[in-house]
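Below, each chain spelled out in residue letters.
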Amino acid sequence: PFCPAFARATCCRFGPLGLDAPGGGMTVGLVAVMLLAALPDFARVAVGSAPRLIVRRAPARSAPVALTVSEIVSALPGLVGLRVLSSLAPSEIAGSIARFPPAAPADVANPPLVLPDGGRRLQLSERESELFDFLKEVAAVSGCKTTMRVAGGWVRDKLLGRDCDDIDLALDNMTGLSFANAIRAALEERGELLHIGVIQANPEQSKHLETVAISLRGFAIDLVNLRSEEYSSGSRIPSDVHFGSPLSDAARRDLTINSMFYNLHTDALEDMTGRALADLEARRIDTPLEPLETLLDDPLRVLRAIRFGARFDYDIAERLSTAMCDQGVQAQLSSKISRERVLRELASMIGASGAAPVRAFRQIHALRLHEAIFLADFRFDKMFGKSAPPPDESEVERAARTHEASRALRGATGHIESLHAILSEDVGQSAGPCVDRRVTRWKGFDAPNNTQQALADKWTAEVEAAAAAAHVASEVHTPYAETLGLGALLQNMQQVHADKSERFRVWMATALLPLAPRRGGRDLAESVMRQGLRGMTSADILAVQRMHAHAPDFEEMALRRTMVEGRPTNPASRRELGMLLRASGKTWRSTLQLALVRTLPPLEVAPTEAQTKEWRGRAETVEVVRAFAQLSRHIEKQKLQEVWALLPLLDGNELMANGVPKGRAVGIALAELVAWQLEQPEATRSDALAWLKLHLAEEP
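Residues numbered from 1 in each chain as written. Predicted model: local features only at pLDDT ≥ 70, side-chain atom pairs only at ≥ 80, totals over all residues. Heavy atoms only, no water.

## Considerations on the overall build of the chain
Summing up its helical and strand segments, the chain has 34 helices and 19 strands in all. Relative to its full complement of 700 residues, the chain shows a buried share of 54%. When contacts within the chain are restricted to residue pairs at least 6 apart in sequence, those whose partners lie at least 24 apart make up 72%. With the model as given, the accessible surface of the chain reaches about 29,400 Å², and the carbon-plus-sulfur share is 52%. (Helix = DSSP H or I, 4+ residues; strand = E, 2+ residues; numbered from the N terminus. Buried < 20%, exposed > 50% of the residue type's maximum accessible area, 1.4 Å probe, protein only. Contact = heavy atoms within 4.5 Å. Areas by Shrake-Rupley, 256 points an atom, 1.4 Å probe, with all protein chains shown as cover.)

Shown next, in the form of structure tokens:
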């Protein structure tokens, strides 16, 4: 159970390791012996005929042990330096990690289960029935003697009573492109057009099958053929992908709950694995074949299992969870899967319909996946602006630094739990519902609704009880919601999570919070976004950087308070607060939320009801929530919610026409004019001209 960085350094990413010693070379076999001697209970090491080192998790342990590379190296006193000798090709990695033949469809343990009258069971809508009738008509008219089945997520969602406009259509004896052309021909006879998109197969990145995408009758439809795969010895990349049976296709899918079919011709619901319906009923995430084989076929399935488990609040089967912890699987997730595909899965965990990011991040934390998700392709030498690593830094030393960054990222989960606890409607639900699900149920931005008020009232009782216990009851003179303006704070957070793009950005900013730059420090978070998560847009990266940059300012302003008539009040002037909101931009609410999360004491991961209540009642938690609630109320009272859009009363040309020199002085004058307008919210253009005249007269 070594850290993924070390696994990659030794067998997957950086290649086999050798040793240099003052007295001569030491073989990799000796390295293996020394590792076994140092860590007999933690790992088994296999040395093949080629000089490479392969590290695997001990089967007896269900979760990896957190060991840093520096700890491992320190246990080997004979080592002077480790250096990389060569690299393994991606095609060699899978064979090195797991040498077993792919399971045949017959290895699916349970017999297929076919239920008649599937349309009634799935409760087809009128639109769906019309679409399926049209597709059968196309097949009949064009002479396509193919059996059409709707596969995967649509079947699952219909069984769960959810609407779904994304349809995967599986064909038993023709390609998706051939059938798409038949559909286009039928539409052209009716004077309609059809655009056909083709996504090519890419076996090197576990995309084994060509997919054809069309939009028809308001549905997004992907057309593929049923597949069966053949593998060459020692490789997880299929040597041949050809037409298969429903059983072979279902066996190769990612999860049992995504492996069901609806047969358009027989109206039957087909569970070819014999387990999908049972797993759906048991609220269980599992794989059709042995989990390790399924994950090695496409390591991205690790993230898909997390996403679906979080979305539906299903338990991940123990055997699948064990396979997800396998260091070979995680190393392949880092090296084999493109960063763009990883980013898409992460974005779906956060922003897809029904997404539950809190549960997803809990699983990422439990499985120690931060490195595989965020830090693959992360290069410290690039972060420091160098084209090559320092000559005295080995790949293992770099792996150790990467692992330390991974450990830091794990610390963000406690902050995510803190945010969740703030927004939970019920303490007893703190292990279940997630932030974005809850806030989307809150209607109306202008005033707290009944749900918000109930939450505020409940917090009132808890805070007053905590204050009494902490002997600070004198600071709580009125009900919590009235004193602290909790309604305004919740409304601000609601608007953050109601916007899909902003929700993604604030979650990314929170997940990368431990790597955010400290006053003048290097921005590790930016390096992760540009290298480890390639595919993030420049707008998203800049938004996250802006949040990280201004969150400390919001924190400082929220915690700065004075006592007025025996009650704590935020003393920030309208000018000072307005300028901070303008610097944060349109998305200042996201920065406010990040500052709150940054300031709150972290909460236990997956806390119990008792732990959540205790955390809420801590004096430190009470003080932070009080401060940020007051700051939100102060912003509302000063009517600064839209200050980011405030325009100067005079433009640059008017300033120059009235005596401001060209160049940098114009920008300075515009900023000073806006600051003056914040102090004079009722000022007019004439007032601004008078201010400018006086301002210029006062300058030397």
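## Section: the pattern of salt bridges
Taken as a whole, this structure holds 35 salt bridges when the rule is applied. Between Arg-311 and Asp-157 there is a salt bridge, and its shortest N-O distance comes to 3.6 Å. Placement of the pair is Arg-311 in helix α12 (residues 301-312) and Asp-157 in helix α7 (residues 153-159), with a sequence separation of 154 residues. Neither Arg-311 nor Asp-157 differs from the other in exposure class; each is buried. Residue Arg-275 pairs with Asp-286 through a salt bridge whose shortest N-O separation is 2.9 Å. Here the residue Arg-275 occupies a position in the loop between β15 (268-271) and α10 (276-282), and Asp-286 occupies one in the loop between β16 (284-285) and α11 (291-297), the gap between them amounting to eleven residues. (Salt bridge = Lys/Arg side-chain N within 4 Å of Asp/Glu carboxyl O.)

## A short note on unusual backbone geometry
Most of the time, phi is negative for any residue but glycine, and the peptide bond is trans. Its identity as a non-glycine residue notwithstanding, Arg-217 has a phi of 55 degrees, on the positive side. Here Arg-217 shows up in the loop between β10 (211-216) and β11 (219-225).

## Observations concerning the packing of aromatic side chains
One pass over the structure, following the stated rule, counts seven aromatic pairs. When the ring of Phe-312 is compared with that of Tyr-314, the centres are 5.5 Å apart and the planes differ by 40 degrees; the resulting orientation is tilted. Owing to a relative accessible area of 5%, Phe-312 belongs among the buried residues under this scheme. Taken together, Phe-132, Trp-154 and Tyr-262 form an aromatic cluster joined through their ring pairs. The ring of Phe-134 carries Arg-217 above its face, with NZ or CZ at 4.8 Å from the centroid. A cation sits over an aromatic face here: Arg-307 above Phe-308, 4.7 Å from the ring centre. (Phe/Tyr/Trp six-rings, centres within 6.5 Å; stacked < 30°, edge-to-face > 60°. Lys NZ or Arg CZ within 6 Å of the ring centre and 35° of its normal.)

## Let's talk about the nonpolar core
Ranked by size, the top nonpolar core spans 132 residues in total, and within it Leu-135, Phe-179, Ile-183 and Phe-374 carry the most contacts. Residues in contact with Leu-135, not counting those within four places in the same chain, are Met-148, Leu-169, Phe-179, Ile-183, Leu-216 and Leu-264. In this structure, Val-660, Ala-669, Trp-691 and Leu-692 belong to the second largest nonpolar core, which totals eleven residues. (Core = buried A, V, L, I, M, F, W, Y, C linked by side-chain atoms within 4.5 Å.)

## Details of the pairing of strand β7 (residues 148-151)
Side chains Met-148 and Val-150 project from β7 onto one buried face, and the interleaved Arg-149 and Ala-151 project onto a second face that is buried too. Pairing geometry for β7 and strand β8 (residues 166-171), over four bridges, is antiparallel. From the neighbouring strand, Val-150 faces β8, where its bridge partner is Leu-169. Sheet topology note: the β7/strand β14 (residues 261-263) ladder contains three bridges and is antiparallel. What sits directly across from Ala-151, in β14, is Phe-261. (Pairing = 2+ DSSP bridges.)

## Re the environment of Leu-513
Position of Leu-513 relative to the elements: it lies in the loop between α25 (500-511) and α26 (524-532). Leaving out residues up to four positions away in the same chain, Leu-513 has contacts with His-415, Arg-518, His-548, Leu-594 and Arg-598.

## With respect to helix α27 (residues 538-559)
Across its 22 residues, α27 extends 32 Å between first and last C-alpha, which sits within 8% of the 32 Å expected from 1.5 Å per residue. At His-550, α27 shows its strongest bend, of approximately 35 degrees, with the proline Pro-552 following within four residues. (Expected span 1.5 Å × (residues − 1). Bend = angle between axes of the 7 residues up to and from the residue.)

## Observations concerning the environment of Gln-611
Position of Gln-611 among the secondary structure elements: in helix α30 (residues 609-617). Gln-611 gets classed as partly exposed once you look at its relative accessible area, which sits at 32%. Those residues within four positions of Gln-611 in sequence are excluded, and the remaining contacts are Leu-603, Glu-604 and Ala-606. Polar contacts involving the side chain of Gln-611 include one to the main-chain amide nitrogen of Thr-608, which spans 2.9 Å. (Polar contact = N/O pair within 3.5 Å; in protein donor to acceptor, adjacent residues only side chain to side chain.)

## Some words on helix α14 (residues 327-335)
Counting buried positions along α14 yields eight of nine residues, so the element is predominantly enclosed. When we look at burial in α14, the residues that qualify are Gln-327, Gly-328, Val-329, Gln-330, Ala-331, Gln-332, Leu-333 and Ser-334. The N-capping residue of α14, defined by a side-chain oxygen 2.8 Å from the backbone nitrogen of Gly-328, is Asp-326.

## Brief notes about the pairing of β10
By the bridge criterion, three bridges tie strand β9 (residues 197-199) to β10 in an arrangement that is antiparallel. Counted as the bridge partner of Ile-199 is Thr-211 from β10. Bridge count for β10 against β11 is five bridges, and the pairing is antiparallel. Looking across to β11, one finds that Val-212 is bridged to Leu-223.

## Regarding the packing of helix α28 (residues 574-584) against helix α33 (residues 664-679)
Between α28 and α33, the shortest axis-to-axis distance is 8 Å and the interhelical angle comes to 130 degrees. By the angle between their axes, α28 is oblique relative to α33. Viewed along their axes, α28 and α33 form a crossing whose handedness is right-handed. Side by side, α28 and α33 meet where Arg-574, Arg-575, Gly-578, Met-579 and Arg-582 of the first sit next to Ala-671, Val-674, Ala-675, Gln-677, Leu-678 and Glu-679 of the second. Partitioned by chemical class, the residues of the contact of α28 with α33 number five nonpolar, two polar and four charged. (Axes fitted to C-alpha atoms, helices over the stretch in contact; angles between N-to-C directions. Parallel < 35°, antiparallel > 145°, perpendicular 65-115°, else oblique. Left-handed = near helix turned anticlockwise from the far one by under 90°. Nonpolar A, V, L, I, M, F, W, Y, C, P; charged D, E, K, R; others polar.)

## A few points about the sheet that holds β14
Strand order across the open sheet formed by eight strands is β6-β15-β14-β7-β8-β11-β10-β9, with mixed pairing between neighbours. The open sheet is flanked by β6 (113-115) and β9, the only strands paired with a single partner. Averaged over all neighbouring strand pairs, the angle between strand axes comes to 30 degrees, with direction disregarded.

## Overview of the confidence of the model for the chain
Across the chain, pLDDT averages 75, with 67% of residues at or above 70. Predicted confidence is poor over residues 231-236, with pLDDT under 50, and the contacts of this stretch with residues over four places away or in other chains come to 19 contacts. Below a pLDDT of 50 lies the segment residues 381-388, which in the model reaches 13 contacts outside its immediate sequence neighbourhood of four places, other chains included. (pLDDT = per-residue confidence, 0-100.)

## A word on the environment of Glu-576
Assignment of secondary structure puts Glu-576 in helix α28. Along the backbone, Glu-576 and Glu-679 are 103 residues apart, and their C-alpha atoms lie at a distance of 9.3 Å.

## Let's talk about the side chain of Arg-156
Position of Arg-156 among the secondary structure elements: in helix α7. Using a relative accessible area of 4% as the deciding quantity, one classes Arg-156 as buried. Polar side-chain contacts of Arg-156 include one of 3.0 Å to the side chain of Asp-157. Discounting residues that sit within four places of it in the chain, Arg-156 has contacts with Ile-257, Asn-258, Met-260, Leu-280, Phe-308, Arg-311 and Phe-312.

## What to know about the packing of α30 against helix α31 (residues 619-637)
Relative to each other, α30 and α31 sit at 65 degrees, their axes nearing to 5 Å. Residue-level inspection shows Trp-615, Arg-616 and Gly-617 of α30 in contact with α31, the latter providing Ala-619, Thr-621 and Val-622. Of the residues contributing to the contact of α30 with α31, the split by class is three nonpolar, two polar and one charged.

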